[in-house]
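# Working through the structure, step by step
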Amino acid sequence: MADEWPTVELDPVRRLRVMAAAGAGRPLYAERCLAAGFDQVWRVASDLSGELPGLISGLRSFEVGPAKAGERLEGLAVSVVGHRERFEIVLRSGWCLMQSRVLLGGMAAVPDGDGTRFALLASLRVPGAGPVQQLLGGLTERRGEVLLDRLERRIVERSRTE
């Protein structure tokens, strides 16, 4: 009998939860069961150019460029004050991970009964970010809930127009 190590497959939401727990400091992580079906939720969440600027205050635009290699995309975020940040993006059904020089962002979704379990992650990727994120603690948690509230509203609005 060959030595075999046990393996475990994590669904996208659990994978994002592990990433948040392993991150330095206290990254923004929020998770919620949404009443809408997976396809409705992911259609809104994965529309990065169309929806991210409405979900994230301070973001003027987010443009997604052509695929670089396989499922990897490139994105350009522009803040309301004109700051530009380039992102490398992995986007597939139920999973989105975006990384720039200073930021890490992620979203994940899985069907959950008649609804969808959805999670989001945001974290700074610079030296010293851990203590800053730790200090912001409660504000970070509240911001996650605000983002999920906005996403829920957008899902309802888009379902009315589609």
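Preceding block: the structure.
Residues numbered from 1 in each chain as written. Predicted model: local features only at pLDDT ≥ 70, side-chain atom pairs only at ≥ 80, totals over all residues. Heavy atoms only, no water.

## A closer look at the overall build of the protein chain
- What the protein chain contains, in helices and strands, is four helices and seven strands.
- Mapped from its N terminus to its C terminus, the protein chain presents α and β elements in the order α-β-α-α-β-β-β-β-β-β-α.
- By the burial criterion, 39% of the 162 residues in the protein chain qualify as buried.
- The long-range share in the protein chain, meaning contacts at least 24 apart out of those at least 6 apart in sequence, stands at 52%. (Helix = DSSP H or I, 4+ residues; strand = E, 2+ residues; numbered from the N terminus. Buried < 20%, exposed > 50% of the residue type's maximum accessible area, 1.4 Å probe, protein only. Contact = heavy atoms within 4.5 Å.)

## A word on the packing of aromatic side chains
- Counting across every chain of the model gives two aromatic pairs.
- Arranged with centres 6.5 Å apart and planes meeting at 5°, the rings of Phe38 and Trp42 form a pair that is stacked. You can see Phe38 and its partner Trp42 sitting in helix H2 (residues 38-45), four residues apart, about one turn around the helix.
- Judged by its relative accessible area of 18%, Phe38 falls in the buried class.
- Looking at Trp42, the relative accessible area reads 7%, which means it is buried.
- Where Phe62 meets Phe87, the ring centres are 5.8 Å apart and the plane angle is 55°; that geometry is what we call tilted. Here Phe62 is found in strand S2 (residues 59-64), whereas its partner Phe87 is found in strand S4 (residues 84-92), with 25 residues between them in sequence. For the residue pair Phe62 and Phe87, the accessibility class agrees, reading buried in each case.
- Of note, Arg15 hangs over the ring of Trp95, and the distance from its end group to the ring centre comes to 4.5 Å. (Phe/Tyr/Trp six-rings, centres within 6.5 Å; stacked < 30°, edge-to-face > 60°. Lys NZ or Arg CZ within 6 Å of the ring centre and 35° of its normal.)

## Quick look at the nonpolar core
- In this structure, Trp42, Leu48, Phe62, Ile89, Met98 and Phe118 are the most contacted members of the largest nonpolar core, which totals 28 residues.
- Broken down by element, the residue count for this core peaks at five residues, all from H2.
- Filtering out sequence-adjacent residues up to four positions away, Phe62 remains in contact with Leu48, Ser49, Leu52, Pro53, Gly75, Leu76, Ala77, Phe87, Ile89 and Met98.
- Membership of the second largest hydrophobic core comes to 11 residues, among which are Val13, Leu16, Trp95 and Leu121. (Core = buried A, V, L, I, M, F, W, Y, C linked by side-chain atoms within 4.5 Å.)

## Focus on the sheet that holds S2
- Taken together, the seven strands give an open sheet; going across it, the order is S1-S7-S6-S5-S4-S3-S2, and neighbouring strands pair in antiparallel fashion. Because the sheet does not close on itself, it has two edges, and the strands there are strand S1 (28-34) and S2. In this sheet, adjacent strand axes meet at a mean angle of 15° when their direction is disregarded.
- Taken together, the 10 bridges between strand S6 (residues 103-112) and strand S7 (residues 115-124) define a ladder with antiparallel strand orientation. Bridging across to S7, Ala109 finds its partner in Phe118.
- Those strands touched by H2 are S1, S4, strand S5 (95-99), S6 and S7, and its axis lies near 165° from that of S6. (Pairing = 2+ DSSP bridges. Axes fitted to C-alpha atoms, helices over the stretch in contact; angles between N-to-C directions.)

## Observations concerning the pattern of salt bridges
- Going through the model one piece at a time under the given rule, you end up with 12 salt bridges.
- Arg158 serves as the salt-bridge partner of Glu51, at 3.0 Å between the closest nitrogen and oxygen. Of the two residues, Glu51 sits in helix H3 (residues 48-55) while Arg158 sits in helix H4 (residues 129-161), which places them 107 residues apart along the sequence. The pair formed by Glu51 and Arg158 is uniform in burial state, with each residue classed as buried.
- The partner of Arg72 in a salt bridge is Glu88, with the nearest N and O atoms 2.8 Å apart. (Salt bridge = Lys/Arg side-chain N within 4 Å of Asp/Glu carboxyl O.)

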